[in-house]
Structures are given as C-alpha cells and as structure tokens.
Amino acid sequence: MRKRGYRTIVLVMMSLLLCGCGAQKKDTDASEIQIEEKEETQEIKKEETQKTKEDPGEVVGIVFPDKDDKVLRAEAQKIKKELEEKEYSVKLVYAGNDGKKQAEQIKQMVKDKVSGLVICPVNSGDLKDSLKQAKKQGILVISYDKLIANTEDLSYYVGFDYNEIGKEAAEYFVKEKKLDSAKKEKKSYTIEFFMGALDDMNGRIQMDAMMNILDPYFALGVLQCKSLRTTYEDVSIAKGSKEIAGKTCDNIMKANYMDKPVNLIYVGNDNMVEDVVSALKEQSGFEKSWPVIASSGSDEAVFQRLKEKTQVLSVYQMRETLPQLCVDLVDQSMQGKEIKNLGTVNNGTAKIAAVFGKIKTANQSNYQQVENQIK
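Everything in this summary refers to the structure shown in the same document.

The rules behind these values
- Residues numbered from 1 in each chain as written.
- Predicted model: local features only at pLDDT ≥ 70, side-chain atom pairs only at ≥ 80, totals over all residues.
- Heavy atoms only, no water.
- 1 Å grid on protein atoms, 1.4 Å probe; cavity = no way out; pocket = protein on both sides within 12 Å on 5 of 7 lines; lining within 4 Å.
- Points joined across faces, edges and corners; volume = space filled by probe spheres on them.
- Helix = DSSP H or I, 4+ residues; strand = E, 2+ residues; numbered from the N terminus.
- Nonpolar A, V, L, I, M, F, W, Y, C, P; charged D, E, K, R; others polar.
- Buried < 20%, exposed > 50% of the residue type's maximum accessible area, 1.4 Å probe, protein only.
- Contact = heavy atoms within 4.5 Å.

1. Quick look at the layout of surface pockets
- In this structure, the largest pocket occupies an estimated 1500 Å³ of space.
- For the largest pocket, the lining is made up of 46 residues, of which Asp 69, Asp 145, Lys 146, Asn 269 and Asn 271 are closest to its centre.
- For the lining of the largest pocket, the elements supplying multiple residues, two or more each, are α2 (70-85), α7 (201-220), α9 (242-256), α10 (270-281), β9 (292-297) and β10 (313-317).
- Estimates place the volume of the second largest pocket at around 180 Å³.
- Lining the second largest pocket are Asp 161, Tyr 162, Asn 163, Ile 205, Asp 208, Ala 209, Asn 212, Thr 344, Val 345, Asn 346, Lys 351 and Phe 356.
- Where the lining of the second largest pocket is concerned, the elements lending two or more residues are α5 (162-176), α7, β11 (343-346) and β12 (351-356).
- At 4 residues, the largest contribution of residues to the lining of the second largest pocket is made by α7.
- Of the residues belonging to the lining of the second largest pocket, the class tally is 5 nonpolar, 4 polar and 3 charged.

The structure is reproduced here in structure tokens:
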C-alpha cells in the first residue's frame, strides 16, 4: 500500500510539473509574440517616417520677375511662407527681368514635375512654349498680378479686374464733365492718356474698357484728343517708365496745348502720375486751369496728391489682398475643392478664370477713409 501510494504521489507531482512547464511555455510564447508585434509596428512607423521625408508631397514653383521690385518680392515671400505652412514644398526663383531666362526656369520646373506654378511674367511672348509643356503635364498654372497674354495654357489669373477699373475711370469723367448734356450746351473737352508698356495686357484691358464708354462722346465731338493718341499702341509708354511718361507728357503739351490746357488726363499706373504732374507744372497757364487727373494703381503717394488736389481720382488697388487669394486658390485647386466667386478675363486669346483683388475708388470726398483702410 505504501509503495502504491508513493507511486501515486510521484505521478501526480510529475503531472503537475509538466502542466506548469506547458503553461510557462505558453506564457513565454505569448510574450514573444507581443514583442515581435511591437517591433513590427515600430518598423512600419519608421518606414512611414522615412517615406515622408523622401516624398515632400505637392511642389509649387513660384517664378517672379526680379528681386529688386520690393513689393513683388515681399508678396512672393508671403506666398511661399503661407504655402509652406500648409505643408507644400515651394521653389521660389527670380528671372532678373529676363523673359527668356524665366521661360527656362519654367521648363526646368516642368522637368522637376512640380504640381503647380505661380508666374508673374516678365514678357508673355517668351513663355508660350514653356506653358504648353506645363499644360501637357497637367500642371496648375496661375498668372499672378500681370496677366500672361495670348495663351490658352493658363489655369487661373490672380490680380485685379482692369475692365472694372477702366469703367470706373471713364464713368467718372462722364459724370465730372457732364458729357451727356455737353452736346446740347455746345461744350467740348480735351483728353490725353498715358498707359503702361506695349505688352502690358492689364493696361490694354483698362484702355479698351474706357474707350467702350468714351467712344460715343468722341463721335459726338464732345471729347477730343489733340494728339490723336486714342489706341493702346499710341498711348503705351515704353517699359511703363515714369521718366518716359513725364517726357512724353511734356512733348504732347508743348505740341498741342500751348494755347489752352488739356481738360482730362488718365494715367494707367499711379507710379507715372508724379512725373506727368511735374511736366504739367512746367507749362504756362496750367496753374490757373489744372486738368482733371485720374489714375489706377497702388502707390500710396496718390493720397498726398488727392489732398493737394493735383489729382482727383484713383481707382486704388489693394495689393495686400493678392498673396492670400493666390495661396487659397493654389490650395483649393490642389485639394480638388470648389472655387467660388470666380470671374473671367480675356487675355487676347482665351477667357481665363480669375480671382480678383479688392479695389477702392478714392476721390476728393473719401480719400482719407480709403487711406485709413490700407494702413
């Protein structure tokens, strides 16, 4: 009995030992599996991190004319910063005001497979081939500030509504001189124009909008232009130079207005007004019969001229709105979101979808309010 009982005890103990080893083995296996799963998860995360670093995501190229233009340079930097904050990679280059160099910069960015381009053109004519390449690659192409002319290969334009600007100025002249009743009153007025460079599509749109309103008054004889400069080709100023604008004004006044000062003047860019005003001040008789001068642009010196009454109207372009409009447009386009409040602009070849910045009409009665809004 004792031996049998002893054997029984031994067998029970051995069974318990074996069970314990099995449980311990199962626990060990489970722990090892957990460790392996943890290591595998860490490895996946590591790979994902490496992939993120290697793949910068959407790349946007910003191609601007020149670093020396302080306003455009600041706007380019702002666009770059805002896009980077939205986790886009950005390549910013300047062309040194060389149109052919700018075209090569765009071609290189197309080769680098950027997803979008923001271009402020030096010369529209130099960009046709590079823009065709961009379109073939399905790249978003935004013309910024200066409208790229005569191409279908644009996605959008971000700038100002120069058609509206031209209308505002022309309607002001009509109201100021009461041109609708001038024929009955047997009155007539003289007008001269000083616009931007020949390849400036913005200036051309502005002039066309003005003449659409003013042409009937020319036909009636209510308006006259003694220099006979009434087409954009006639009134464009080489390179949009303010110095050339001043000299041109001086020559026109001496040739046509020595007997009687001109009544109305429109200057397509605020930057040229000061030189035009200086040329007028040198003409005898103008101090007693100062012309009605209107312009458009974003030169803050215009408010001093409005105060001094050497200028009576500015269709002021609020440039501070443009960079954010551009950033939002890039982001919405890249994300495939609906873009609201789109306008259109004709660049000479096609109607281009457009996002317009704010404009304010500043005159003798409200210029202080407008000036306060931009500060």
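Here the narrative resumes, following the displayed structure.
2. Some points on the side chain of Thr 321
- By the secondary structure assignment, Thr 321 is in the loop between β10 and α12 (322-334).
- Exposure remark for Thr 321: the relative accessible area of 19% places this residue in the buried category.
- Apart from the residues within four sequence positions on either side, Thr 321 is in contact with Gly 357 and Lys 358.

Just distances and angles here, no functional claims.
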